Amino acid sequence: MELRQLEYFIAVAEERNFTRAAERVHISQSGVSAQMRTLERELGTELFDRSARIVTLTAAGKAALEHARAALAAAGAVGRAVDEVTGLLQGRLTVGMVIGCTITPLFDALAAFHQAHPGVEVSLREDSSDRLADGVREGTVDLALIGAAATTPEGLDALTIISERLVAAVPAGHPLREQRHIALRDLTAHPIVCMPPGTGLRAVFDQACAAQGLKPEIALQASAADAIADLAARGLGVAVLSESMAARYSDRLTAHTIEDVTTPALLALIWKHTHSPAARALLAHSRRAFAAPGPTAPVNR
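Residues numbered from 1 in each chain as written. Predicted model: local features only at pLDDT ≥ 70, side-chain atom pairs only at ≥ 80, totals over all residues. Heavy atoms only, no water.

Draft legend 1. Seen up close, the overall build of the protein chain. Counting its secondary structure elements, the protein chain contains eleven helices and twelve strands. Reported as C-alpha extents along the three principal axes, the dimensions of the protein chain are approximately 70 × 50 × 30 Å. Among the 301 residues that make up the protein chain, the fraction classed as buried is 44%. In the protein chain, once contacts between residues fewer than 6 apart in sequence are set aside, the share between residues at least 24 apart is 74%. Total accessible area on the protein chain stands at roughly 15000 Å², and carbon and sulfur atoms take up 52% of it. Between the mean site of the 29 positive side-chain charges and the mean site of the 33 negative ones, the protein chain shows a separation of 2 Å. (Helix = DSSP H or I, 4+ residues; strand = E, 2+ residues; numbered from the N terminus. Buried < 20%, exposed > 50% of the residue type's maximum accessible area, 1.4 Å probe, protein only. Contact = heavy atoms within 4.5 Å. Areas by Shrake-Rupley, 256 points an atom, 1.4 Å probe, with all protein chains shown as cover. Lys, Arg positive; Asp, Glu negative; His and termini not counted. Charge placed at Lys NZ, Arg CZ, Asp CG, Glu CD.)

Draft legend 2. Broad picture of the side chain of T199. The residue T199 is located in the loop between β8 (192-194) and α8 (200-212) in this model. Classification of T199 as buried rests on a relative accessible area of 1%. A polar side-chain atom of T199 sits 2.8 Å from the main-chain carbonyl oxygen of P196. (Polar contact = N/O pair within 3.5 Å; in protein donor to acceptor, adjacent residues only side chain to side chain.)

Draft legend 3. Structural detail: the nonpolar core. By size, the foremost hydrophobic cluster in this structure holds 36 residues, and its most contacted members are L166, L184, L187, F205 and L241. Within the residue set of this core, elements represented by two or more residues are β7 (166-170), α7 (184-187), β8, α8, α9 (225-233), β10 (238-242) and α10 (243-247). Contacts of L166, omitting those with residues within four sequence positions, involve L201, V204, F205, V240, L241, T257, I258, V261 and A265. Judged by nonpolar contacts, the second largest core, of 21 residues, contains V98, C101, I162 and A281. (Core = buried A, V, L, I, M, F, W, Y, C linked by side-chain atoms within 4.5 Å.)

Draft legend 4. Representation of the side chain of Q35. Residue position: Q35 is located in helix α3 (residues 29-43). Assessed through its relative accessible area of 16%, Q35 is described here as buried. Residues contacting Q35, with those up to four places away along its chain left out, are R4, Q5 and Y8.

Draft legend 5. Summary view of the pairing of strand β9 (residues 218-221). As judged from the three bridges shared by β8 and β9, these two strands associate in the parallel manner. Note on β9: the bridge partner recorded for V193 is L220. (Pairing = 2+ DSSP bridges.)

Draft legend 6. View of the sheet that holds strand β4 (residues 120-127). Taken together, the five strands give an open sheet; going across it, the order is β4-β3-β5-β12-β6, and neighbouring strands pair in mixed fashion. On the outer flanks of this sheet lie β4 and β6 (157-164), each paired with one strand and no other. Taking each pair of neighbouring strands and ignoring which way they run, the sheet shows an average axis angle of 25 degrees. Against the sheet, helix α6 (residues 129-138) engages β3 (91-98), β4, β5 (143-149) and β12 (265-271), with an angle of about 130 degrees to β5. (Axes fitted to C-alpha atoms, helices over the stretch in contact; angles between N-to-C directions.)

Draft legend 7. Main features of the environment of G198. Note on placement: G198 falls in the loop between β8 and α8. Classification of G198 by relative accessible area gives buried; the value is 17%. Between the C-alpha atom of G198 and that of P105, which follows or precedes it by 93 residues, the distance is 22 Å. Excluding residues that lie within four positions of it along the chain, G198 makes contacts with S128, S129 and D130.

Draft legend 8. Region of the structure containing the sheet that holds β8. If you trace the five strands from one edge of the open sheet to the other, you get β9-β8-β10-β7-β11, paired in mixed fashion. Each edge of the open sheet is held by one strand with a lone partner, namely β9 and β11 (254-257). Between one strand axis and the next, the sheet turns through 30 degrees on average, direction left out of account. α9 rests against β7, β8, β9 and β10 of the sheet, and its axis sits at about 150 degrees to β10.

Draft legend 9. Examining the packing of helix α1 (residues 3-15) against α3 more closely. At a minimum axis separation of 10 Å, α1 and α3 run at an interaxial angle of 110 degrees. It follows that α1 is roughly perpendicular to α3 by the angle criterion. Residues R4, Q5, Y8, F9 and V12 of α1 pack against V32, Q35, M36, T38, L39 and E42 of α3. Taken together, the residues that form the contact of α1 with α3 break down as six nonpolar, three polar and two charged. (Parallel < 35°, antiparallel > 145°, perpendicular 65-115°, else oblique. Nonpolar A, V, L, I, M, F, W, Y, C, P; charged D, E, K, R; others polar.)

Draft legend 10. Quick peek at the packing of α1 against helix α2 (residues 18-25). Direction vectors running N to C along α1 and α2 enclose 130 degrees, while the axes themselves pass 8 Å from each other. It follows that α1 is oblique to α2 by the angle criterion. Crossing hand, α1 versus α2: right-handed. Contacts from E7, Y8, I10, A11, V12, E14 and E15 in α1 reach F18, R20, A21, R24 and V25 in α2. Class assignment for the residues of the contact of α1 with α2 results in seven nonpolar, no polar and five charged. (Left-handed = near helix turned anticlockwise from the far one by under 90°.)

The structure is reproduced here in structure tokens:
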């Protein structure tokens, strides 16, 4: 049994597809398939159910996955321990970023980290906040910038960057524009333009609607605040944004705080306690970048 076989096994298990797994580990699909057959013969059992379009783990595969991850982590720890003693950081880090994110201090942190530690390969993964949090828990993502509702994900370390309430943003001529006080029920009487599921803003909105038994009409959804604002400005729906997001479009939209939605939408860095020197160094750069004075670049969450 070789470490590369375990790496391929984990890739297929997580991607649930041999083609995507092959792209991830940078070899041919036939190479991945052959290595998995070799591993299965060595173990004396099938690890994957290949009967459907989506590859799934057998009972034996599920039992092996956690141990395969632990074996790779232990092998990587040997090199990291030596690097920490010698002061040389090498290896690979995966950084997560919530879908629709624009330029943020996270990019400044990545640039500073790369300059200080060019031997570390950094990959950037864009995904929903929920999936990124799962990735951090599973160890496939080292650090992630996510959106959340009210609190950061349980069981993970976190640094809250922004905590803001939701607002309804409408263009000139909209019935809600001159209304002094807006409740969620007022808002949901109109078509809504908002972030997709898996983002912190959408989680706050959906939870608030569910609590009041409201079923809003989601006319359109987009992962970028600019797109949401543009759609609302054209009269296609009421934009649901955070306070700082809406402030950027004050020339086109009038924003009202939704008075009975007090749960804040958060933007936060999350990570799992790690002994990796590279991950700790990247976290330190990230803390400094987000704490730096000056305007914070807009972020969708």
